[in-house]
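Examining the three-dimensional arrangement
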Amino acid sequence: MELAALATAAVPGLSPTGVAAAADDARDFTSAVVIDSEGHRWRIRSPQHQEAAMRLETELQVLRGFSTGIRAELPFRVPSVAGAVRRGEMRTFVYNHLPGTSLELSALAQQPQAVIEDIGRTIAAIHDLDEAVVDNADLPRYSAERYRQRRLNELDQAATTGEIPALLLRRWEHAMEDRDLWRFTPAVTHGDLHEDSLLIEGERVMAVTGWTDLHSGDPADDFAWLTAAGDAEFTEKVLAAYRRHRTGEVDEHLMRRAALTAEFALAQWLVRGHASENPEMIAEARGLLEQLKTDIETYGGQPIALTPAEGEETAAPAEVQDSRPVARAGAAATVADTGEWADSGEDDDEPAVITDAAASGRTNHEDLRDEVPEDPDQTGKVPTFAPRPLPGDEPTGSIPVILDQPPAEEPLPERIFEEEDEGDLPIHPDEASERRAKEKHFFPAVASASSAASTESAASAQSARSAQSASSAQSAAPVRSAEPVQSPEPVQPAAPVAPAGEPSSSPASPDSPESPDSPDSPASADSAASPEADEAGEGTIYQRHPGLRPPTA
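Residues numbered from 1 in each chain as written. Predicted model: local features only at pLDDT ≥ 70, side-chain atom pairs only at ≥ 80, totals over all residues. Heavy atoms only, no water.

**A word on the environment of Ala23**
- Examined against the element boundaries, Ala23 turns out to sit in the loop between β1 (16–21) and β2 (29–36).
- As for Ala23 and Ser102, which are separated by 79 residues in sequence, their C-alpha atoms are 7.8 Å apart.
- If sequence neighbours within four positions are ignored, Ala23 has contacts with Arg43 and Ser102. (Helix = DSSP H or I, 4+ residues; strand = E, 2+ residues; numbered from the N terminus. Contact = heavy atoms within 4.5 Å.)

This is the structure:
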């Protein structure tokens, strides 16, 4: 009757004739349906505490944001506020009555396909609302990453109670840190949708109530109540209808996050119990958390994270586990020895031939085991790997001392090429190398045939200088004379060359061309072009190497 009196104060002219109970959250609100004298129905909601009062104030702003145009496009009806009355520091609201009745979840799952289809269409219509509804009510808008961080902060707050089982903390934290799980497009979300919010009449969802938690965030929150239905077929049908009617994008991990929201609601309930210092709420939350922990340990729980956390999956019984290796390419690879080195059993560092049983069409591991002879001395243990030392590098058991010294410089050899080298230009010429050079025509032949003959005689028995003088005298005579030579003069044997400092014993006169004192003597020309003797007192370089002499004019 108190609520009926408040309704009379909130709506002038209202004359209540009856009061009926209304389904609502008894811990947050006191609700009733009032029937007036004209047969009209009114719904009254009175908050139980300050937080509930703030939620009702938020709902008032949301409902005012639903303009006539928005309401006309929705496939369901939205309540409207008829009046309010202050009760102490909090206000009680009176709403226009909406047709339909809320059903229990078990009864809702047994409804015909038309009702299930309409439930999916209703949720899709909420998520397709323009975000201006949220902005007009000055309500929060979350991005996917910001919403994930918000969940992590709530998890940290729940962990401070010290009453959350460690298994659940690890499970939820692992799912909240999985960024791939939280890749969704934010949408307008009811935030508190459950079976009591849906008013069913016939085969239609007539109205949706409870708009106190409207925001823009994760659409999976509006599916959390379906994960607790215990009827997977019913949940799949609603989800399929939602996908058909939704105009926006539907992410593939929506139901995973919905299961996380349903489980994490128990931790939020525990936090609320500690905040309100309500021992009944705390005890209820503890019992529900322990029951969830037992279910997960026994059955594994609903899949949440994309990659299961360590220890989350329940191991299968030993009798049903398949411990056989998986046949795959390269799994049955063997090394086949070939050649004589293989028969000897020695390691020649030769390449091995890798064969695979799968290449020959054999994939049965039992067949492979039959081909391997059994070792009677096998121990079943893997031997310790010991590297084999190289020859001459046996271990001494001591660590060598490394001194910081510059590397020793090896002396360069005095001679790079040996005398027997077949190179074209030896560094140290000798008689054999000169002969080979002449045969290869490295030095131009500037002398006549008689010069070559003189050179050969000089190399054998006579002095090189006398041979050059004789050949030069013969070759120079045709140059000075304008008449052709009738008959060549026979070559006189050259006198031996006197040592340095001794007078020459040649019988030639000073006027003779063969005389060294004659200006026409080739020796004089040679003396003007090059020194007569080197420092060692030997002949000139042209005497040692006649082929180097330049041609004379």
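**A short note on the sheet that holds β2**
- In space, the five strands of this open sheet follow the order β1-β2-β3-β5-β4, with antiparallel pairing throughout. Because the sheet does not close on itself, it has two edges, and the strands there are β1 and β4 (81–87). Between one strand axis and the next, the sheet turns by 25° as a mean value, whatever way the strands run.
- Bridge analysis of β1 against β2 gives five bridges, and the strand direction is antiparallel. Paired with Val19 across the strands is Val34, a residue of β2.
- Against the sheet, helix α1 (residues 2–10) engages β1, β2, β3 (41–47), β4 and β5 (90–96), with an angle of about 115° to β4.
- Strand contacts of helix α2 (residues 50–65): β2, β3, β4 and β5, with the helix running at about 40° to β5, the strand carrying the most contacts. (Pairing = 2+ DSSP bridges. Axes fitted to C-alpha atoms, helices over the stretch in contact; angles between N-to-C directions.)

**Considerations on the side chain of Asp36**
- Mapped onto the secondary structure, Asp36 falls in strand β2.
- Despite being buried, Asp36 has no salt bridge partner; Arg41 is the closest side chain of opposite charge, sitting 8.8 Å away.
- At 3.0 Å, the side chain of Asp36 and the backbone nitrogen of Gly39 are in polar contact. (Buried < 20%, exposed > 50% of the residue type's maximum accessible area, 1.4 Å probe, protein only. Lys, Arg positive; Asp, Glu negative; His and termini not counted. Salt bridge = Lys/Arg side-chain N within 4 Å of Asp/Glu carboxyl O. Polar contact = N/O pair within 3.5 Å; in protein donor to acceptor, adjacent residues only side chain to side chain.)

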